[in-house]
Protein chains: 2
Amino acid sequence: MLTLPTYDDVCAAAQRIQGHAHRTPVMTSRTINQELGAQLFFKCENLQRMGAFKFRGAFNALSRFDARQRRAGVVTFSSGNHAQGIALSASLLGIPATIVMPQDAPASKIAATRGYGGNVVLYDRYKDDREQIGRDLAQKHGLTLIPPYDHPDVMAGQGTAAKELFEEVGPLDAFFVCLGGGGLLSGSALATRALAPHCKLYGVEPEAGNDGQQSFRSGAIVHIETPKTIADGAQTQHLGNLTFPIIRRDVDDILTVTDAQLVECMRFFAERMKIVVEPTGCLGFAAARNMKTDLRGQRVGVLISGGNVDLDRFCALLSASAP
Amino acid sequence: MLTLPTYDDVCAAAQRIQGHAHRTPVMTSRTINQELGAQLFFKCENLQRMGAFKFRGAFNALSRFDARQRRAGVVTFSSGNHAQGIALSASLLGIPATIVMPQDAPASKIAATRGYGGNVVLYDRYKDDREQIGRDLAQKHGLTLIPPYDHPDVMAGQGTAAKELFEEVGPLDAFFVCLGGGGLLSGSALATRALAPHCKLYGVEPEAGNDGQQSFRSGAIVHIETPKTIADGAQTQHLGNLTFPIIRRDVDDILTVTDAQLVECMRFFAERMKIVVEPTGCLGFAAARNMKTDLRGQRVGVLISGGNVDLDRFCALLSASAP
């Protein structure tokens, strides 16, 4: 039985990933500070290895494998950044990796996962149950299943980004973190409560997929259909059995933003800060901007989760919203 | 009579801009290191204030004004990053700024310059001589003219980026720097010869505008027509009377690259390193990539000069070259 991770697990994860994951920079923008009358600190996980925070949790989980697990290998299911995080971590650690991906996933993502040495197994997302395929492969070949978010080692690994942020900039008054399945938010919550106990911590979802907000307010995990949103990293249908209790205990509120707001933030990041951020990575900033004067005079953290967006999609989103 | 700056002037400039200019990050990419079999260090002046290194030289020059000069104000001519560098520096130092810009400059650049508080004077680039307009305004109103590159304080200020790079990563075997009028290259040369005397130093121009290469090889400043290239920051027609002697003395060679190579580098920066770089900012990297195996085993510096490219233009350039 897996148990809830604690801040000690985040600290142990930080040790394990040191020298393997980047200690990503914290960026600031005078323009946005003036707009909000606040001091914002952006933790840039788009500049992490393979372009997203997911490398942290994946590497932490795989580096805990024992000799038998390493020989047999890892299996996971993901169409996104977790797939690449596992494939890259496995290749660095010499562990065979099997990644279950939908057959209609972007060719670039399948190619990138294979490029990192992952053995890709395709499935039909309209017929097959990817979790079942993963479990079957694990059982048949003795593989260890590392799911995208609901795993203590994954959650603890993701919490290292927030730990680094607080260590670099000190306590904050408010902190905005993207929310999909809750791996990043629960890990960030552990670091926040340890390092800045009075900081307001917000999870941020796309408006179309507010299962986390519903769950947070009702007190039980709510399942939804796969939401239609450009924030593909937050198209999860439900929180996890491990992520939810921590979120419920340690997070102050769950907020939502629209896709149009995400695009405006993507534009701001590219035009004013010269960085490429994927739509999901804009969730935190969009929510901070919506708060406007409520943040006046405060020190505010924003976690940018990743930058993995095809350039043609990036440009299409920006041109569709041209001001 | 203005005299050639030395490395001491670069050090003095570094003191003056400290706390005003960003100490920009140095980025690396495992992908490109593998491609070239070398270790590359990218000095990211696209992440500098107002998006380009030009802030360094402008701020250094203006902070040397005496009381009379400060009251009367500064004048310059530029359609690009120098205009914004002067306007921003002047506003920070409380100095009135007049910027002579072509009337067909992108509206966004005129707006940005005005946004920093600059008084913009428009001219017709097909009829008027911008340098003459600048000189006339200077004389009539007692303004101090700070040209875009051929000025010792501008050159010394631009050299602080290379100084920071060497201080952070140590000596290099080769260093690639963009070349327009030579402000950045001459300043970088002073820092390079002081901090890494044996480093090969290359200036890089667009193929269509190789006046610097011609000048370097012939030993006299060559004037050309405004070249047609996407590297708008390197559309200068000639090197300066101050920049050229330093370039001739301290630079190992001047290389050229094509516009298509610039776009491929722009794509790489956005896709793999998640940063927005303007075409001119890609000159150094494009030349390093062209050298390929000649750099094997070496430690290589690349100066990314800026990130100020309209997003619609950025996307148009990338889509026209889609692989």
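Cut-offs used in this document
Residues numbered from 1 in each chain as written. Chains lettered and ligands numbered in written order. Predicted model: local features only at pLDDT ≥ 70, side-chain atom pairs only at ≥ 80, totals over all residues. Heavy atoms only, no water. Buried < 20%, exposed > 50% of the residue type's maximum accessible area, 1.4 Å probe, protein only. Helix = DSSP H or I, 4+ residues; strand = E, 2+ residues; numbered from the N terminus. Pairing = 2+ DSSP bridges. Contact = heavy atoms within 4.5 Å. Axes fitted to C-alpha atoms, helices over the stretch in contact; angles between N-to-C directions. Least-squares fit on C-alpha atoms with pLDDT ≥ 70 in both. Phe/Tyr/Trp six-rings, centres within 6.5 Å; stacked < 30°, edge-to-face > 60°. Right-handed = clockwise from strand over helix to strand, strands pointing away. Disulfide = S-S within 2.5 Å. Parallel < 35°, antiparallel > 145°, perpendicular 65-115°, else oblique. Left-handed = near helix turned anticlockwise from the far one by under 90°. Nonpolar A, V, L, I, M, F, W, Y, C, P; charged D, E, K, R; others polar.

K.L.:
I would appreciate a short explanation of the pairing of strand E2 (residues 39-44) of chain A in the present structure.
P.N.:
For a regular strand, the rule is simple: side chains alternate between the two faces of the sheet. Residues and elements named next belong to chain A. Among the 6 residues in E2, 5 count as buried, and that is most of the element. As judged from the 2 bridges shared by strand E1 (residues 26-27) and E2, these two strands associate in the antiparallel manner. From the neighbouring strand, Val26 faces E2, where its bridge partner is Lys43. Where E2 lies against strand E10 (residues 299-304), 6 bridges are found, and the strand directions are parallel. Across the sheet, Gln39 pairs through a bridge with Arg299, a residue of E10.

K.L.:
It is not clear to me how unusual backbone geometry should be interpreted in this structure. Could you clarify?
P.N.:
If a residue is not glycine, its phi is most likely negative; likewise, a peptide bond is most likely trans. Residues and elements named next belong to chain B. Positive phi outside glycine occurs at Met50, with the angle close to 50 degrees. Here Met50 is to be found in the loop between strand E2 (39-44) and helix H3 (54-63). You will see that Lys292, though not glycine, has its phi angle at about 50 degrees, which is positive. Following the sequence through the fold, Lys292 ends up in the loop between helix H13 (283-291) and strand E10 (299-304).

K.L.:
I'm lost on the sheet that holds strand E8 (residues 200-206) of chain B in this one. Help?
P.N.:
Adjacent strands of a sheet pair through backbone hydrogen bonds, lying either parallel or antiparallel. Residue and element names in this part refer to chain B. With respect to topology, 6 strands assemble into an open sheet ordered E1-E2-E10-E7-E8-E9, the strand pairing being mixed. In the strand order of this sheet, the two ends are held by strand E1 (26-27) and strand E9 (253-257), each with one partner. Strand contacts of helix H10 (residues 211-218): E8 and E9, with the helix running at about 155 degrees to E9, the strand carrying the most contacts. Sheet strands in contact with H13 are E2, strand E7 (174-178), E8, E9 and E10, and its direction is about 95 degrees off that of E9.

K.L.:
Can you walk me through the relation of the copies chain B and chain A in this structure?
P.N.:
What relates the two chain copies is a rotation about an axis together with a slide along it. When chain B is brought onto chain A, the operation consists of a screw motion whose angular component is 180 degrees and whose axial shift is 0.0 Å, with 0.0 Å RMSD remaining. Expressed as a symmetry operation, the mapping of one chain copy onto the other fits a two-fold axis. Within chain B, the C-alpha atom positioned nearest to the axis of rotation is that of Ile275(B), 2.2 Å from it. Comparing contact sets, 100% of the residues at the interface of chain B also lie at the interface in chain A, consistent with an isologous, same-surface contact.

K.L.:
Would you mind showing me how to read the packing of aromatic side chains here?
P.N.:
The description of an aromatic ring pair rests on the distance of the ring centres and on the angle between the ring planes. All names here are of chain A. Scanning the model with the defined rule gives 14 aromatic pairs over all chains in all. With centroids separated by 5.2 Å and ring planes inclined at 85 degrees, the aromatic side chains of Phe42 and Phe285 adopt a geometry described as edge-to-face. One end of the pair, Phe42, is in strand E2; the other, Phe285, is in helix H13 (residues 283-291), with 243 residues separating them in the sequence. One exposure class covers both Phe42 and Phe285, and it is buried.

K.L.:
How should I be thinking about the pairing of E8(B) in this particular structure?
P.N.:
Residues and elements named next belong to chain B. Among the 7 residues that make up E8, 6 are buried, leaving the element largely enclosed by the rest of the structure. Here 5 bridges tie E7 to E8, and the two strands are oriented parallel to one another. Counterpart to Ala174 in the pairing with E8 is Lys200. A crossover connection joins E7 to the parallel E8 through helix H9 (residues 183-195); in handedness this β-α-β unit is right-handed. Note that E8 and E9 share 5 bridges and pair parallel. Note that in E9 the partner of Tyr202 across the bridge is Asp253.

K.L.:
Please explain the state of the cysteines as it appears in this structure.
P.N.:
Where two cysteines share a covalent bond between their sulfur atoms, that bond is called a disulfide. Counted under the stated rule, the structure contains 1 disulfide over all chains. In this model, Cys315(A) is linked to Cys315(B) through a disulfide, with the two sulfur atoms separated by 2.2 Å. Sign of the S-S torsion, about -85 degrees for the bond between Cys315(A) and Cys315(B), identifies this disulfide as left-handed. You can see Cys315(A) sitting in helix H14 (residues 311-320) and its partner Cys315(B) sitting in helix H14 (residues 311-320), one on each of two chains. For Cys315(A), a relative accessible area of 11% gives the class buried.

K.L.:
What's the story with the sheet that holds strand E5 (residues 119-123) of chain A in this structure? I'm lost.
P.N.:
Residues and elements named next belong to chain A. Read across the open sheet, the 4 strands follow the order E5-E4-E3-E6; overall the sheet is parallel. Each of the sheet's edge strands pairs with one partner strand only, and the pair in question is E5 and strand E6 (144-145). Here strand E4 (residues 97-102) pairs with E5 via 5 bridges, running parallel. Residue pairing for E5: Val100 is matched across the bridge by Val121. Together, E4 and E5 form the strand contacts of helix H6 (residues 107-115), whose direction differs from that of E4 by roughly 175 degrees.

K.L.:
Would you mind going over the environment of Ala156(B) with me for this structure?
P.N.:
Structurally, the position occupied by Ala156(B) is in helix H8 (residues 152-169). A sequence separation of 63 residues divides Ala156(B) from Gly219(B), and the C-alpha atoms of the two residues are 23 Å apart.

K.L.:
It is not clear to me how the packing of helix H8 (residues 152-169) of chain A against helix H9 (residues 183-195) of chain A should be interpreted in this structure. Could you clarify?
P.N.:
Two quantities define a packed helix pair, namely the angle between the axes and the distance from one axis to the other. Residue and element names in this part refer to chain A. Their axes nearest at 7 Å, the elements H8 and H9 cross at an angle of 45 degrees. In this view, H8 runs oblique relative to H9, as classed from their interaxial angle. Here the hand of the crossing between H8 and H9 comes out right-handed. Between H8 and H9, the contacting residues are Met155, Gln158, Gly159, Ala162, Lys163 and Phe166 on the first element and Gly183, Leu184, Ser186, Gly187, Ser188, Ala191, Thr192 and Leu195 on the second. Classifying every residue of the contact of H8 with H9 gives 6 nonpolar, 7 polar and 1 charged.

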